[in-house]
Amino acid sequence: MTYVEDELNSQPECWIHAVSQAPEHRDALPAPGERVAIVGCGTSYFMAQAVAALREDSGQGETDAFAASEFPHGRSYDRVLALTRSGTTTEVLELLGQLRGRTRTTAITADPHTPVMTAADEIVVLDFADERSVVQTRFATTAVTLLRAHLGLHTDAVVADARTALAAELSQQLVACTQFTFLGRGWTVGLANEAGLKMREASLSWTEAYPAMEYRHGPISITTHGTATWMLGEAPEGLAQQVGATGGLWIEGGLDPLAELVRAQRLAVAVAAHRDLDPDRPRHLTRSVILAP
């Protein structure tokens, strides 16, 4: 079993642990009414997109998400929340340094022995969800679970759905597809972006991701026999039928969207195996991006 397989299979237990810890991190995480920006790089940026939409849609305060390198310094926030598994990512550390003394900052990380521990004002350590794999799975979803619990949006059904996602068989028709499109709405747009990234990282797949309503505005033109379109969350009316008419494979996301992301992670590993690739050694990638000064 690869590192990434072992780590993605441990997600239900990690989520349970994160939920149990959520109350002790209450003061370090955004309070209702705060104007918040959530930042990250790669996977963490897509998780930031998901959490920002969840928080704002639940009425807990205006919330934006940015790649750390694209943070708009002309805007004012009560708090900036940084997601960084490694605690060493250059763009995140530089941003936290620039915000010191001006804006309250919190970092969620997996490694308590890295520079982020002194770069942010407040720290949440999820070391039980740290990973050996370059391809990030459980840290990302555990951070989202912690924040869903903090927002009062987590239920035990989410963990049950994750167990279902890990047990459900992936069809060989899906694994053999040559192109994959992931769709989302609201907070699941970020999850769709992350599902696409997982497929590219682990299996070098031709993968795209879109807001579901935007899919009709051009991207559906690539859909045909041998392609798959996967909806995370509730699909717009009629979209499944439109995909079916193209000859493409439609995948309905019937589980909690975070559990659907777990299914997509499993697909990335399965497609890698189908193509004789090692998902623990993704091409051109390292566990953390550290830029030379």
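All values reported here derive from a predicted model rather than from experimental measurement.

Novice: Where do I start with the overall build of the chain in this structure?
Specialist: Per the secondary structure count, the chain includes 11 helices and 9 strands. Its C-alpha radius of gyration of 18 Å places the chain within 12% of the 19 Å reference for a compact globule of 293 residues. Expressed as lengths along the three principal axes of its C-alpha atoms, the size of the chain is roughly 55 × 40 × 40 Å. Looking at the chain as a whole, 59% of its 293 residues are labelled buried. Pairs at least 24 apart in sequence give 71% of the contacts found in the chain among residues at least 6 apart. As displayed, the chain has an accessible area near 12,200 Å², and 51% of this comes from carbon and sulfur atoms. The positive charge centre, built from 23 side chains, and the negative charge centre, built from 36, are 2 Å apart in the chain.

Novice: Please clarify how the packing of aromatic side chains should be interpreted in this entry.
Specialist: In this description, a pair of aromatic rings is defined by centroid distance and the angle of the planes. Taken as a whole, this structure holds 5 aromatic pairs when the rule is applied. Measuring from ring centre to ring centre gives 5.9 Å for F71 and Y77, while their planes differ by 50°; the resulting arrangement is tilted. Judged by centre distance (5.6 Å) and plane angle (35°), the rings of F182 and W230 are tilted. You can see F182 sitting in strand β6 (residues 179-184) and its partner W230 sitting in strand β8 (residues 227-231), a full 48 residues away along the chain. Residue classification places W230 among the buried positions, given a relative accessible area of 2%. An aromatic cluster of three or more residues is present, and its members are F66, F71 and Y77. When the ring centre of Y77 is taken as reference, the NZ or CZ atom of R35 above it lies at 4.6 Å.

Novice: Explain the packing of helix α3 (residues 43-57) against helix α9 (residues 188-203) to me, please; I cannot follow it from the model alone.
Specialist: Axes are the key here: two packed helices are described by the angle between their axes and the distance separating the axes. Across the interface, α3 lies against α9 with an axial gap of 7 Å and an inter-helix angle of 160°. Between α3 and α9, the angle is such that the two are roughly antiparallel. Of the two possible hands of crossing, α3 and α9 adopt the one that is left-handed. Between α3 and α9, the residues in contact are T43, F46, M47, Q49 and A50 and G190, L191, N193, E194, L197 and K198, respectively. Counted by class, the contact of α3 with α9 contains 5 nonpolar, 4 polar and 2 charged residues.

Novice: What is the right way to look at the sheet that holds β8 in this model?
Specialist: Strand pairs in the sheet, formed through backbone hydrogen bonds, run parallel or antiparallel to each other. As summarised here, the arrangement of the 4 strands in space is β7-β6-β8-β9, forming an open sheet in which the pairing is parallel. Strands with a single pairing partner mark the edges of an open sheet, and in this sheet they are β7 (206-211) and β9 (249-252). The average undirected angle you get between the axes of adjacent strands in this sheet is 20°. With 5 bridges connecting them, β6 and β8 associate as parallel partners. Bridge pairing in β8 links F182 to W230. Against the sheet, α9 contacts β6 and β7, and its axis sits at roughly 160° relative to β6. Sitting on the sheet, helix α10 (residues 239-246) touches β6, β8 and β9, and the angle it makes with β9 is about 155°.

Novice: Explain the pattern of salt bridges to me, please; I cannot follow it from the model alone.
Specialist: Pairing between side chains becomes possible if they bear opposite charge and their charged atoms approach one another. Summed over the entire model, instances satisfying the criterion amount to 13 salt bridges. Measuring nitrogen to oxygen at the nearest pair gives 2.8 Å for the salt bridge that ties E13 to R163. Pair noted here: E13 is in helix α2 (residues 11-21) and R163 is in helix α7 (residues 156-167), with a separation of 150 residues, a long-range link. Residue E13 is classed as partly exposed on the basis of its relative accessible area, which comes to 42%. On the basis of relative accessible area, R163 is assigned to the partly exposed category, the value being 39%. Salt-bridge contacts for D278 lead to R281; the nearest nitrogen and oxygen are separated by 2.6 Å.

Novice: So what exactly am I meant to see when it comes to the environment of A52 here?
Specialist: Note on placement: A52 falls in helix α3. Measuring from C-alpha to C-alpha, the distance between A52 and D161 comes to 23 Å, with 109 residues separating the pair along the chain. Setting aside its immediate chain neighbours within four residues, A52 contacts I38, T63, D64 and A65.

Reading the values: the criteria
- Residues numbered from 1 in each chain as written.
- Predicted model: local features only at pLDDT ≥ 70, side-chain atom pairs only at ≥ 80, totals over all residues.
- Heavy atoms only, no water.
- Helix = DSSP H or I, 4+ residues; strand = E, 2+ residues; numbered from the N terminus.
- Rg over C-alpha atoms; globule rule 2.2 N^0.38 Å.
- Buried < 20%, exposed > 50% of the residue type's maximum accessible area, 1.4 Å probe, protein only.
- Contact = heavy atoms within 4.5 Å.
- Areas by Shrake-Rupley, 256 points an atom, 1.4 Å probe, with all protein chains shown as cover.
- Lys, Arg positive; Asp, Glu negative; His and termini not counted.
- Charge placed at Lys NZ, Arg CZ, Asp CG, Glu CD.
- Phe/Tyr/Trp six-rings, centres within 6.5 Å; stacked < 30°, edge-to-face > 60°.
- Lys NZ or Arg CZ within 6 Å of the ring centre and 35° of its normal.
- Axes fitted to C-alpha atoms, helices over the stretch in contact; angles between N-to-C directions.
- Parallel < 35°, antiparallel > 145°, perpendicular 65-115°, else oblique.
- Left-handed = near helix turned anticlockwise from the far one by under 90°.
- Nonpolar A, V, L, I, M, F, W, Y, C, P; charged D, E, K, R; others polar.
- Pairing = 2+ DSSP bridges.
- Salt bridge = Lys/Arg side-chain N within 4 Å of Asp/Glu carboxyl O.

Limitation: the analysis is restricted to geometry and does not speak to function.
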